[in-house]
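Single-letter residue listing:
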Amino acid sequence: MTGPDETLGLDVERLRGFLAERLGLSGSMAVERISGGQSNPTYFVSFPDRRMVLRKRPAGPTLPSAHAIDREYRVMAALADTDVPVPRMVLYHETPDVLDTPFYLMERLDGRVFHDCALPGLSPDERRAIYLSMAETLAKLHAVEPAAIGLGDYGRPGNYFERQIARWSRQWAESPTKDIPELDALVTWLPAHLPPDDGAIAIAHGDFRLGNLIIHPTEPRVVGILDWELSTLGHPLADLGFCCMPWHTAPDEYAGILGLDREALGIPTEAEFVARYFARAKPVEGFGSFHLAFALFRFAVIFVGIADRAQAGNAAGDNAAAVSHLGRHFARRALDTTKSA
């Protein structure tokens, strides 16, 4: 009798049988859980002649809007024939009969993933090129017309920041954590400083940062964008603000670069990064402290959610408890950005 592998958190034999039936795969199958993720459990699934990545919803109770792996699959499948670098999708399985939760499979890309924004071990020229490639890749994404690839209904157009502030404020209000006054202050500050809606609409990744990018195995350029669960139709400056967070957070705050000798490291200034994005993006104006504060606020609430799941014993990442304190840290950094507003 087979059952879930407690180490992996899934039933390997049931998965093997499913893949044999659906994809005709045979031979030895290796399954490896990828550490570091805080949301949807992720695995390498390898056969002698095929390597894939599996993403599934976590077990246990979750917020209704969280862990939207169906949206991850849909957006990456839609982007397959654009110049936005994404892995090729294999299949999506929405019923819980195989792994107890919905899941999808995608082809595995060769490359490197860096979770430390200081990019240790690389040369200054490589660091600079990777950062500028990141800016260019984000601009490519935002240049795609959603309706042209079947994503015209992927989100509600207009008033993106107003709706997002309401969403993340509500998620903070529903959290059992209640002792972060900085988040309460941001819930008040952000609506009061909301810029006029300029009508800009793009496919917003929602979590566009270095740790969610695959870098070419030997070259300093982006070859894949991962982790699309927060993607929607939104304002492009939301992604840009999120991508600029490392310049406003310290190395012990999710591996930011604040306080480092960035010139010696070869990392471009935030202004250079933003300029490279705007040199290739569709025209949009007004990037500033509001977008940075919003990005840091939202990530703070995400970290609160990680802490809540860790407390409930339901977090996907092995280091969930270790990073759970970052909700307060990011809220403080968000408030710091408001002082220049």
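A brief report on the enclosed structure follows.

Rules and cut-offs
- Residues numbered from 1 in each chain as written.
- Predicted model: local features only at pLDDT ≥ 70, side-chain atom pairs only at ≥ 80, totals over all residues.
- Heavy atoms only, no water.
- Phe/Tyr/Trp six-rings, centres within 6.5 Å; stacked < 30°, edge-to-face > 60°.
- Helix = DSSP H or I, 4+ residues; strand = E, 2+ residues; numbered from the N terminus.
- Buried < 20%, exposed > 50% of the residue type's maximum accessible area, 1.4 Å probe, protein only.
- Pairing = 2+ DSSP bridges.
- Axes fitted to C-alpha atoms, helices over the stretch in contact; angles between N-to-C directions.
- Contact = heavy atoms within 4.5 Å.
- Core = buried A, V, L, I, M, F, W, Y, C linked by side-chain atoms within 4.5 Å.
- Salt bridge = Lys/Arg side-chain N within 4 Å of Asp/Glu carboxyl O.

With that out of the way, let us pick up the packing of aromatic side chains. The geometry of two aromatic rings is summed up by the distance between their centres and the angle between their planes. By the definition in use, this model includes 15 aromatic pairs. Here the aromatic rings of Trp 247 and Phe 273 are separated by 5.1 Å at their centres, their planes lie at 50°, and the arrangement is tilted. In this pair, Trp 247 sits in the loop between helix 6 (236–243) and helix 7 (262–265) while Phe 273 sits in helix 8 (residues 270–280), placing the two residues 26 residues apart along the sequence. In this structure, Trp 247 and Phe 273 share a single accessibility class: buried. Ring centres 5.0 Å apart and planes at 75° place the aromatic pair Tyr 254 and Phe 303 in the edge-to-face group.

Okay, the sheet that holds strand 1 (residues 30–33) next. Across the sheet, five strands lie side by side as 1-2-3-5-4; this open sheet has antiparallel pairing. This sheet does not close on itself; its edge strands, each paired only once, are strand 1 and strand 4 (89–93). Sheet twist, expressed as the average angle between the axes of neighbouring strands with direction ignored, equals 20°. With six bridges joining them, strand 2 (residues 42–47) and strand 3 (residues 50–56) adopt antiparallel strand pairing. Bridge pairing links Phe 44 to Val 53 in strand 3. Its contacts with the sheet put helix 1 (residues 12–23) on strand 1, strand 2, strand 3, strand 4 and strand 5 (103–107), and the angle it makes with strand 4 is roughly 120°.

Strand 5 sits mainly inside the fold: four of its five residues count as buried. Sheet topology places strand 3 next to strand 5; five bridges connect them, and they run antiparallel. From the neighbouring strand, Val 53 faces strand 5, where its bridge partner is Met 106.

Counting residues in hydrophobic clusters, the biggest one holds 48 residues, and the most contacted among them are Leu 79, Tyr 131, Ile 203, Trp 228 and Phe 273. Those residues in contact with Phe 273 that sit more than four places away from it in its chain are Tyr 131, Met 134, Ala 135, Leu 240, Cys 243, Cys 244 and Trp 247. Counting residues in each nonpolar core, the second largest holds 33 residues, with Tyr 160, Phe 161, Ile 165 and Leu 296 among its members.

This part covers the pattern of salt bridges. In the structure shown here, the tally under the stated rule is 21 salt bridges. Its salt-bridge partner being Arg 280, residue Glu 136 comes within 3.4 Å of it at the nearest N-O pair. Of the two residues, Glu 136 sits in helix 3 (residues 124–143) while Arg 280 sits in helix 8, which places them 144 residues apart along the sequence. On the basis of relative accessible area, Glu 136 is assigned to the partly exposed category, the value being 22%.

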